[in-house]
Structure formats: C-alpha cells, structure tokens
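Below, each chain spelled out in residue letters.
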Amino acid sequence: MLEIRVEKNGGDFSFIQEAIDAVPYEESAVIRIGEGVFCEKLFCEKKDITFVGAGIDKTVIDFDDYANEIMEDGSKRGTFRSYTAFFGGKRVAVKDMTIRNSAGDGRVVGQAVAVYADADVCLFENVEMNSCQDTLFCAPLPRAERQKNGFMGPRVMTERRLTRQYYKSCIITGDVDFIFGGADAVFDDCRIVCNDRMHGSNRMLDVMGAAGSRVAKVGAGKLDKDQIDITERLVNGYITAACGLSGDLGFVFRNCTVTGAKGCEEGSVFLGRPWREEARTVFLNCACDKSVAPERFSGWGGITKDEPSTFYGEFGTRLVDGVAADDCGTGAQKVPGNGELVDLSNKNPWVKDIDEGLAVEISKRADEVMKACMEQVR
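Residues numbered from 1 in each chain as written. Predicted model: local features only at pLDDT ≥ 70, side-chain atom pairs only at ≥ 80, totals over all residues. Heavy atoms only, no water.

Asks: Residue-level account of the overall build of the protein chain, with values.
Replies: In terms of regular secondary structure, the protein chain is built from four helices and 25 strands. Going through the 378 residues of the protein chain one by one, you find that 59% of them count as buried. Relative to all contacts within the protein chain whose residues are 6 or more apart in sequence, the contacts with residues 24 or more apart total 73%. Summed over its atoms, the accessible surface of the protein chain is roughly 15300 Å², and 48% of this surface lies on carbon and sulfur atoms. (Helix = DSSP H or I, 4+ residues; strand = E, 2+ residues; numbered from the N terminus. Buried < 20%, exposed > 50% of the residue type's maximum accessible area, 1.4 Å probe, protein only. Contact = heavy atoms within 4.5 Å. Areas by Shrake-Rupley, 256 points an atom, 1.4 Å probe, with all protein chains shown as cover.)

Written as structure tokens, this is what we have:
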C-alpha cells in the first residue's frame, strides 16, 4: 500500500490534490495530511484511498465555491459543482480533519457543498463538515432532475447506483437541507448543529468574514432577522433532505445529538423534509434541544404538507438543554439535560410511529451498512 505525506512544509507533497493525482487508480493508498488550513478544491476518483488528518481542529480543508456563482459561459455553478471535496471511486475513508465550504449564507450564495460523498463505500470518522445550505451530499442524485441542468456536476450523466456510507463521531453543521441525498447512510454518535440563520450569527458567516472571502467582498455579510424569507413561521433550517427509494434504508441517525446553535428560536429547526416522495429518514435514541419543531419533520412544499409516501420517524428521542460553543467556535458540545423523552404528540400526521421492535429492525439494517463500510475501508 502506498503511504503519502502532505505537509505545508516538507512531506511528499505540499498540496493534497497533487497527492491524489499521484495515486494510480488500482493502487490502495493512505494520504496523511499534516496541520494547517489547505485552501483547495479536491476531486478524488480512486479505487481505494484513505485520508488521515492530524486532528479535527488541526487539519482543515477549505474552499468557497457556491451555486449562484456565474461561470465563464454565463451559467451558474449550481449545487453539485460547488463542493470543497468530491470523493468518488470504490472505497474512501476520511478521518481526523475538518472540511468546510466558507462561501457563506445560502440566501446570498445559494447552495455551497462541503463534502460530496459518492464512493461505493464511504467511511467518515472524527470529521467536522461545515457550511450553510447543503453541507453534506450523500450521493446518489435523484433519478430525474426537476429543473433543467439542476444536476450539472460530476455525476450528471451517470447511471444512479446506491452507495453505502457510515459517519462515526462526526460534527456536521449547516442550516437548509444540510445532509441530503439518496445514499444508505448511517450516522452514529454524531453532533448535528443547525446554524442560527435568523440572527445572522452562525459559524460559517463568522468564518467567511474572518477569511475575507471573495463572497464577503461582494456583500454576503450578516443578515437581519427580518430579511429571512418566511411563509408559515420562522424557520431556521432543515437537518436532512433525503431522496432515496422506498426499498432503501435511507438516513439513520443513532445516538446523535441534534441542536440549534446559540440563538436558535424554539421550534425553528426541522429534522428533515423529503427531497423526493419516497424519502426515508429516522432518528433512533438521539437527543435534541427545544429548537427542534414540534412537527418534527416538514413537508417539502410547506410545514404541514402531507407526505404519505415517505418514511420518517423517531424512537427514544430525549431532551437536552442545548449546546455550548467554545471560544474558537469549533463546534457544539453536548450539554446534559433532564433526559426526558421528547413529546411527539404534535408531530405531523404522516410521520411514522416507531416502536421498539421496528427500531431494532431498522438498526439491524443500519448495522449491515456500518459493517460493510468498516470491513471494506482500511
């Protein structure tokens, strides 16, 4: 197996993309990335590759492409060309680093993907992923687009195939549909944090301003509360937007903590909404704070829109008091609460009732995905 070292000073390469390009497709490789902020847009299409950073707060990959950016041909970049890091191929593992898209607020820049995960088997462990709208794309794309050129990007012309993805002890922050896609994806022991969009004080706006990004220079500064586009009520965000098929596993969150960032209003965050009609997303034995809406999940065209073909639900969700951010804003830390079960009596009527037996059944299917990812990825 190839071992490659990327360092700001020294190492085999000083740029991560150079290290990726140096790996023959059929070779297995481990790319170890040293400390520092690497301002790179990565594209990885290899058979079997592992990326290992120096730590979640020490190795940072950062770029700021965004969907509303006008390309040289006059078209918009679009969601699926905005990624900071694209991981394709057969098998990929990413560990001990932060990957972010620092373009900023989606109401200004549109979608800004940090991670585009599209290998057949993906493992992310101890990875922080930061953006605002559409932080993490768990491929595949839906079967058909709803608007012309809506899928323009690395997989626009390819046949859709189901991927298996496993996320362990990760931190994922964003606001609108920030974990989305059609994969069978399992999230264990992760911290999921919705930005405080309404007061314009989320981490990515701060990062954008501090970095002096090109987006900040064209006026994507902090936004006031009354600038938010609202219809039924104030909405801070949607954690998930799944698009898988009814026979798939979909997204499964187990023992995760789901909270709003400091300042998020009570009831302003939804656990998800269906990007496509057969979407599946469940939360098992997770914890959340009061920022999560009483309806729990929203319809795609409105909070109370009926979504009878979906499979959304929770089991064993408990309440925590909220989150605490450290001085550097490096993410949320779980704050113990009273541990009482969350009242689900006001959930949308199409959200499923999941009992212990069904929760065990779903978890067994999730274990199959987890084992496949752990066994096949080095």
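From this point on, the discussion continues.
Asks: Any chance you could break down the side chain of Ser298 for me, citing the residues and the numbers?
Replies: Take Ser298: it is sitting in the loop between strand E20 (287–288) and strand E21 (311–315). In this structure the side chain of Ser298 is engaged in a polar contact, spanning 3.5 Å, whose partner is the backbone oxygen of Gly302. Ignoring anything within four residues of it in the chain, the contact list for Ser298 reads Tyr238, Phe270, Gly272, Arg273, Pro274, Ile303, Asn348 and Trp350. (Polar contact = N/O pair within 3.5 Å; in protein donor to acceptor, adjacent residues only side chain to side chain.)

Asks: Describe unusual backbone geometry, and please don't skip the residues or the numbers.
Replies: Backbone torsion omega between Ala139 and Pro140 reads 25°, so that peptide bond is classified as cis. Tracing the backbone through its elements, the reader meets Pro140 in the loop between strand E9 (136–138) and strand E10 (164–168). Even without being a glycine, Asp96 presents a positive backbone phi close to 60°. Positionally, Asp96 belongs in strand E6 (residues 85–101). On the accessibility criterion, Asp96 (25% relative accessible area) is partly exposed. The residue Asp189 is not glycine, and still its phi comes out positive at about 55°. When you line up the elements, Asp189 lands in the loop between strand E13 (184–188) and strand E14 (191–194). Owing to a relative accessible area of 36%, Asp189 belongs among the partly exposed residues under this scheme.

Asks: Tell me about the packing of aromatic side chains, and name the residues and values.
Replies: Following the criterion strictly, the structure yields 24 aromatic pairs and no others. Seen in terms of ring centroids, Phe80 and Phe180 are 6.2 Å apart; in terms of plane orientation they differ by 40°. Their pairing is tilted. Of this pair, Phe80 sits in the loop between strand E5 (59–63) and E6 while Phe180 is found in strand E12 (residues 176–181), placing the two residues 100 residues apart along the sequence. Here the two residues Phe80 and Phe180 agree in accessibility, since each one is buried. Centroid distance Phe80 to Trp275: 6.4 Å. Interplanar angle 20°. Geometry classified as stacked. (Phe/Tyr/Trp six-rings, centres within 6.5 Å; stacked < 30°, edge-to-face > 60°.)

Asks: Please provide a residue-by-residue account of the pattern of salt bridges, values included.
Replies: In total, this model carries 23 salt bridges according to the counting rule given. Its salt-bridge partner being Arg91, residue Asp48 comes within 3.7 Å of it at the nearest N-O pair. In this pair, Asp48 sits in strand E4 (residues 42–52) while Arg91 sits in strand E6, placing the two residues 43 residues apart along the sequence. The same class applies to Asp48 and to Arg91, which are both buried. With a closest N to O distance of 2.4 Å, Asp118 and Arg155 form a salt bridge. Taken together, the residues span a long stretch of sequence, with Asp118 in the loop between strand E7 (115–117) and strand E8 (121–130) and Arg155 in the loop between E9 and E10 at a distance of 37 residues. Put simply, Glu45, Lys90, Asp118, Asp120, Arg155 and Arg161 are held in one network by salt bridges that share partners. (Salt bridge = Lys/Arg side-chain N within 4 Å of Asp/Glu carboxyl O.)

Asks: Let's hear about the nonpolar core: which residues, and what values?
Replies: In terms of nonpolar packing, the biggest core is built from 61 residues, with Ile31, Phe51, Phe87, Phe124, Tyr167, Ile179 and Phe187 touching the most fellow members. Of all the elements, E6 adds the most residues to this core, at six residues. Ignoring sequence-local partners within four residues, the contact set of Ile31 consists of Ile4, Val6, Ala19, Ile20, Val23, Ile49, Thr50, Phe51 and Val52. (Core = buried A, V, L, I, M, F, W, Y, C linked by side-chain atoms within 4.5 Å.)

Asks: Describe in detail the pairing of strand E1 (residues 2–6), supporting the description with residues and values.
Replies: Within a regular strand, side chains alternate between the sheet's two faces. Both E1 and strand E2 (residues 28–33) contribute to a ladder of five bridges, which runs parallel. Bridging across to E2, Leu2 finds its partner in Ala29. (Pairing = 2+ DSSP bridges.)

Asks: Describe the side chain of Asn130, and please don't skip the residues or the numbers.
Replies: The topology assignment puts Asn130 in strand E8. Here the side chain of Asn130 touches Glu128 through a polar contact of 3.2 Å, side chain to side chain.

Asks: Before we move on, can you summarise the pairing of strand E19 (residues 280–284) with the specific residues and values?
Replies: Taken across its five residues, E19 has five buried, putting it largely inside the fold. Here four bridges tie strand E16 (residues 251–254) to E19, and the two strands are oriented parallel to one another. Within E19, the residue paired with Phe253 across the bridge is Phe283.

Asks: Could you give an account of the environment of Val121, with specific residues and numbers?
Replies: Structurally, Val121 can be placed in strand E8. Take Val121: its relative accessible area is 2%, and that puts it in the buried class. Between the alpha carbons of Val121 and Ala93 there is a distance of 8.5 Å; along the sequence they are 28 residues apart.

Asks: With reference to specific residues and values, describe the environment of Ile354.
Replies: Residue placement: Ile354 occurs in the loop between strand E25 (352–353) and helix H4 (356–376). The class of Ile354 is buried, set by a relative accessible area of 9%. Taking the C-alpha atoms as reference, Ile354 lies 9.2 Å from Gly316; in sequence the two are 38 residues apart. Apart from the residues within four sequence positions on either side, Ile354 is in contact with Val282, Phe311, Gly313, Glu314, Phe315, Ala359 and Ile362.

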